[in-house]
Amino acid sequence: MRVEQALRLLPNLEALTPLRGLLLSSARPDERVQWGSGGPYLTVGKRDVEPGELARSMGAVLTFVAEHIAALYGAYVEALERQERNDAPGAVAALLGAGRLEEKVGRLSQAHAWYEVALALAETLQDRRPEVETLLALGHVCLALGQYAEGARHYQRGLVLSEAEFNQSGAVDASVGLGNAAFERAEWPGARAWYSRALRLAESGNDRLRLGLIEHRVGVLDRRQGDLAAAGEHLRRARECFETLNGEAALEMARVLDAQGELDGALGRPGPAAGAFREALAWVRRDQHDPGLDVAIRLHLAELLFDTGRWLEAEEEMRRAEQLAITSNQMRGLVRIYTLLGTLRGRQGDETGFVFFEQAIALCRALEGPPIDEARVYHAYGLFRQVCGGPDEARAYLERAAEILRTLGVDEEVERVTAALRNSHDVNTPAAGAG
Amino acid sequence: MTRPTQQPTTSPPPRPRSAPSGGLRVLAVGGESGAGPLQGLRQWAADLAVELEWAADLPRATRLLAGGQWDLVLAVLGDRSDEELAWWVDALRGAAGAPRLIALADRPSMGMALRAEKLGVLDVLALPLKREALTSALARVRSAATEVALPFPPGDTEVQGHYALVGQSPAMLEVYKLMARVAHSTATVLILGESGTGKEVVARTIHQHGPASTGPFVAVNCAAIPENLLESELFGHEKGAFTGAVARKIGRFEQAGGGTLFLDEIADMSLSLQAKILRAVQEREIERVGGGESIPVSVRLIAATNRNLQDAIAQGRFREDLYYRLAVVTIQLPRLVDRGDDLVLLIGYFARQFGERYAKRIDGLSDRALELLRKHQWVGNVRELRNVIERATIVVSDGTLRSEHLPDELRAHEPGAPERSTSGLPTLAEAEARHIARVLSHTGGQIGAAADILGIHRNTLTRKMKEYGL
């Protein structure tokens, strides 16, 4: 049975989310259709799922779910017990722990809810450290959800409290968070100011890990602003910081190398760029494998290959990322993969590429992910339709994207979508005096 | 539609594969330098004419691989051997020098050996490493140095573009004759053939030589499009007909008006949609989804499938009346392995096509590469061959495609592959494990389906899989 058929029989209930995840991650490609003309367009919906296999895998998933729920219940009971013993900071820590558990399994909205409860309690305490910790956790999850304005508010409050309490690491993290929130909203001067502040604070404490993280962010910011030389310098410094940590920052190193690959790509050096991505993948594998990061790096590598005309390799890299995203249940990654596959097909003038956008939208709806993901799919789909026919659909998709992005306050992206809409309008409106 | 096949002719001299000193550049990864499981490697290096480098971990290995040409990588696998094996195969794709991989493991299982073989790994050796085992593996790497270049037969100037029909085999000549007979009519055509045999190319050629050639050729891949969208893709929809119908859409039937509509993978269509196609074919009119108006359409219909439609009819998955409507003329395309020397013509055609795209001049292929290409089963037929030649064109550095440029899956069958018993024949357990692995691969890993094919209970299969480490 095809996954698309199986999903139609599954009601969209929150309690069934793990089952939906299992269904998708246990889907296998039908090797018989790999070489068929539909092969290049296969998505997870066209994979096969065997009810018997699903039933056999269910035990492990149910155990995992039971353990997860037990841990959440346990955290809650611990919070109650601490509260009863007048240990409110302990209660906050227990609630934060529950939120982190939720975040770890990708349940960001649920994590947000735990952190909100923790914050309400932390705000009543005289000791402000639990509140700072909670605010930083909230800021982080808000950014992951695409709620940049709310995230910035939490980080701002966290910074004020950290400074009042002489909590330097808290102040560094809050400043970085504020920089990230500004970065996501393309407020470049604001982002730079926050990162600079974080850098000054981290330098005084000689915290190599945090220094490396900030240098990395500044490097990425420089690249976005077009100062490629400065970006290279900051990324080099970030690598130096992580190298002194004797391999304890393997994932951070992978992220820096990923950024280096993108920088080399922007500098028109595809060889070193591919080398940096490959090394980044090796770092991801080194200790604790992070499939989400692995998928992201492979996507960057695929884009590089595509931009240099190596379509076959780009396609293969994306298919490897797809396989990894499916088996490791990285559904947000999968949405990005299909959006990119559709975009690349659009650049090739391949109209059937629309199937990837449709699959990405279906996944966004089924998984109820952050609205920013869906907005970005609509944006890319609108651009695809502008090139591959369907001007009315192009306009409708772009309008939908703009609508979602406006609610999230992502002005720079709204502006880009609006520009595409204007372009769409110009294309479809006869020039004055024509005819 | 090309000139008769010419066999490639011999053209020495061969290009030396290894370093000027005659040594192989070998990168050992993991384990410990000089001691531990790879103990002995450094002492043997000089005797075995090996230039050896050692990398402690994957990031260092990746840097070394990017920094030069390597002939061989010896990778010590850890606890997650399957994952690591796949990672290595992936990492070595496109690496300079197309290095081969030898996996080293503490206690390699038969399952691991089979998986490694499928991935094209040169060999799996047990740790601690034995000198004889390494010597034998190195001999296989060195044998690639003796490849002889063979020039391609001259290309046919008539055969150009992405949708050209290439081939002179008797099986293809029969296809050409049938195409010539149907092209000038407006009869509906059903093209049958395995995946990748060129059904769309045939459909386009019929269209180009038919009465509707001035009209559009619209191809719809029924297997690619989500089931719930296929109807609106074919017939169009009115704005608001369903969630996501953001604007009126003109369907493919209408787009193909005055031309040809090619429905590929038609057996993947649901029965309800088959009924609507039948109506469109019979009444020559369609209705957009969410629209009440009948719209006349004038298209020539060509359908294709890689499935056995008679079986699908017997199983109630395909409408018999639609089958007879479509199969006015049926063209059966041959498999690539049944097309004899067309393989050489196709290799030359694709090498020229991709040589142009990647700005490389490719004049021939080596005898060993040709042998490997001939031995391959080509389940994906011409599409798979095209893919293999494109990949080879990307990595080739001179004018000759060699075995080292072919994907690992093809190189797994290189002559001299290690036998697993002293007699040169597999043991019963090896043969059984290999067959089970093959069937599991065929069913995409689905145990129930594999057990059905093997004719054993699924519990027995599960036990055997565990036993063989599959």
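Computed from a prediction, not measured in an experiment: that's the story for all the values here.

The rules we used
- Residues numbered from 1 in each chain as written.
- Chains lettered and ligands numbered in written order.
- Predicted model: local features only at pLDDT ≥ 70, side-chain atom pairs only at ≥ 80, totals over all residues.
- Helix = DSSP H or I, 4+ residues; strand = E, 2+ residues; numbered from the N terminus.
- Rg over C-alpha atoms; globule rule 2.2 N^0.38 Å.
- Buried ≥ 20, exposed ≤ 12 C-beta atoms within 10 Å, placed from the backbone.
- Contact = placed C-beta atoms within 7 Å.
- Nonpolar A, V, L, I, M, F, W, Y, C, P; charged D, E, K, R; others polar.
- Domains from an automatic or database assignment.
- Core = buried A, V, L, I, M, F, W, Y, C linked by C-beta atoms within 7 Å.
- Pairing = 2+ DSSP bridges.
- Axes fitted to C-alpha atoms, helices over the stretch in contact; angles between N-to-C directions.
- Parallel < 35°, antiparallel > 145°, perpendicular 65-115°, else oblique.
- Left-handed = near helix turned anticlockwise from the far one by under 90°.
- Expected span 1.5 Å × (residues − 1).
- pLDDT = per-residue confidence, 0-100.

(A) Looking closely at the overall build of chain A. Secondary structure summary: chain A contains 20 helices and zero strands in total. Against the compact-globule benchmark of 22 Å for 435 residues, chain A has a radius of gyration of 23 Å, which places it among compact chains. Across the 435 residues of chain A, 51% fall into the buried class. Restricting the contact set of chain A to residue pairs at least 6 apart, pairs at least 24 apart contribute 53%.

(B) Expanded view of the environment of Lys276 of chain B. With respect to the helices, strands and loops of the structure, Lys276 of chain B is situated in helix 10 (residues 271–283). As a C-alpha pair, Lys276 of chain B and Phe235 of chain B span 41 residues in sequence and 9.3 Å in three-dimensional space.

(C) Region of the structure containing the interface of chain B and chain A. Taken together, the contact pairs 42 residues of chain B with 35 residues of chain A. Elements with a minimum of two residues in the side of chain B that touches chain A: helix 2 (58–66), helix 3 (81–92), helix 8 (227–235), helix 15 (381–395), helix 17 (428–442) and helix 18 (447–454) of chain B. Here the element with the most residues in the side of chain B that touches chain A is helix 15 of chain B; it accounts for seven residues. The residue inventory of the side of chain B that touches chain A, partitioned by class, reads 15 nonpolar, 15 polar and twelve charged.

(D) Representation of the domain arrangement of chain B within the structure. When its domains are assigned, chain B resolves into domain 1 (24–146), domain 2 (149–158 + 337–411), domain 3 (170–333) and domain 4 (428–468). On a C-alpha basis, the centroid separation for the pair domain 1 of chain B and domain 4 of chain B is 29 Å.

(E) The arrangement of the nonpolar core in detail. With 231 residues, the main nonpolar core has Leu95 of chain A together with Ala75 and Ala103 of chain B as its most contacted residues. Look past the residues within four positions of Ala103 of chain B in its chain and what remains in contact with it is Ala75, Leu77, Leu85, Ala116, Val121 and Val124 of chain B. Judged by nonpolar contacts, the second largest core, of 29 residues, contains Val166, Leu345, Val388 and Ala392 of chain B.

(F) Focus on helix 4 (residues 110–119) of chain B. Within helix 4 of chain B, seven of the ten residues are buried, which leaves the element mostly enclosed by the surrounding structure. Three or more residues of helix 4 of chain B are buried, namely Met110, Met112, Ala113, Leu114, Arg115, Ala116 and Glu117 of chain B.

(G) The sheet that holds strand 3 (residues 72–76) of chain B, seen in detail. Residues and elements named next belong to chain B. Strand order in the open sheet formed by five strands is 2-1-3-4-5, with parallel pairing between adjacent strands. Edge positions in the sheet fall to strand 2 (50–55) and strand 5 (123–126), since each of these pairs with one other strand and no more. Each adjacent strand pair in this sheet contributes to an overall mean axis angle of 20°, direction not counted. Pairing analysis gives five bridges linking strand 3 to strand 4 (residues 100–105), with the strands arranged parallel. Residue pairing in the sheet places Ala75 in a bridge with Ala103 of strand 4. Most of the contacts of helix 3 go to strand 4, to which it runs at about 165°, and overall it touches strand 3 and strand 4.

(H) Quick look at unusual backbone geometry. All names here are of chain B. For the bond running from Leu127 to Pro128, omega is -5°, close enough to zero to count as cis. Residues other than glycine seldom take positive phi values, yet Ala359 does so here, at roughly 55°. Along the polypeptide, Ala359 turns up in the loop between helix 13 (342–357) and strand 16 (364–366).

(I) Representation of the pairing of strand 8 (residues 217–221) of chain B in the model. Residue and element names in this part refer to chain B. Summarising burial for strand 8: five of the five residues are buried, a large majority. Alternating residues of strand 8 divide into Phe217, Ala219 and Asn221 and Val218 and Val220, and every residue in both groups is buried. Alignment of strand 8 against strand 11 (residues 260–264), held across five bridges, turns out to be parallel. Within strand 11, the position partnered with Val218 by the bridge is Leu261.

(J) Structural detail: the packing of helix 7 (residues 148–164) of chain A against helix 8 (residues 168–184) of chain A. Residue and element names in this part refer to chain A. For the pair helix 7 and helix 8, interaxial distance at closest approach is 8 Å and the crossing angle is 155°. In terms of orientation, helix 7 and helix 8 fall into the roughly antiparallel class. Remark: the crossing between helix 7 and helix 8 carries left-handed chirality. Two secondary-structure elements touch here, helix 7 through Tyr148, Gly151, Ala152, Tyr155, Gln156, Gly158, Leu159, Ser162 and Glu163 and helix 8 through Gly170, Ala171, Ala174, Ser175, Gly177, Leu178, Ala181 and Glu184. Split into classes, the residues belonging to the contact of helix 7 with helix 8 amount to eight nonpolar, seven polar and two charged.

(K) Spotlight on the sheet that holds strand 6 (residues 149–151) of chain B. All names here are of chain B. Ordered in space as 6-16-17, the three strands form an open sheet in which the pairing is mixed. The open sheet is flanked by strand 6 and strand 17 (400–401), the only strands paired with a single partner. Where strand 16 lies against strand 17, two bridges are found, and the strand directions are parallel. Looking at strand 17, one finds that Leu365 is bridged to Leu401. Where helix 14 (residues 367–375) meets the sheet, its contacts fall on strand 6, strand 16 and strand 17, and the angle it forms with strand 16 comes to roughly 85°.

(L) Examining the environment of Thr339 of chain A more closely. Its location among the elements puts Thr339 of chain A in helix 16 (residues 331–347). The sequence separation of Thr339 of chain A and Val355 of chain A amounts to 16 residues, and the corresponding C-alpha distance is 9.9 Å.

(M) Main features of helix 12 (residues 250–266) of chain A. All names here are of chain A. Taking 1.5 Å as the rise per residue, helix 12 with 17 residues should run 24 Å; its terminal C-alpha atoms sit 24 Å apart, in good agreement. Across the 17 residues that make up helix 12, a large majority, 14, are buried. Positive backbone phi, approximately 75°, marks Gly268, located one or two places after helix 12.

(N) Representation of the confidence of the model for chain B in the model. Residue and element names in this part refer to chain B. Of all residues in chain B, 87% have pLDDT values of 70 or greater, and the mean over the chain is 82. Model confidence for chain B, summarised as mean pLDDT per element, is weakest for helix 16 (residues 408–411) at 75 and strongest for strand 7 (residues 189–192) at 96. Note that pLDDT drops below 50 for residues 1–21; the model gives that stretch 50 contacts with residues more than four away or on any other chain. Under the prediction, the complex receives an ipTM of 0.72, its pTM being 0.77.

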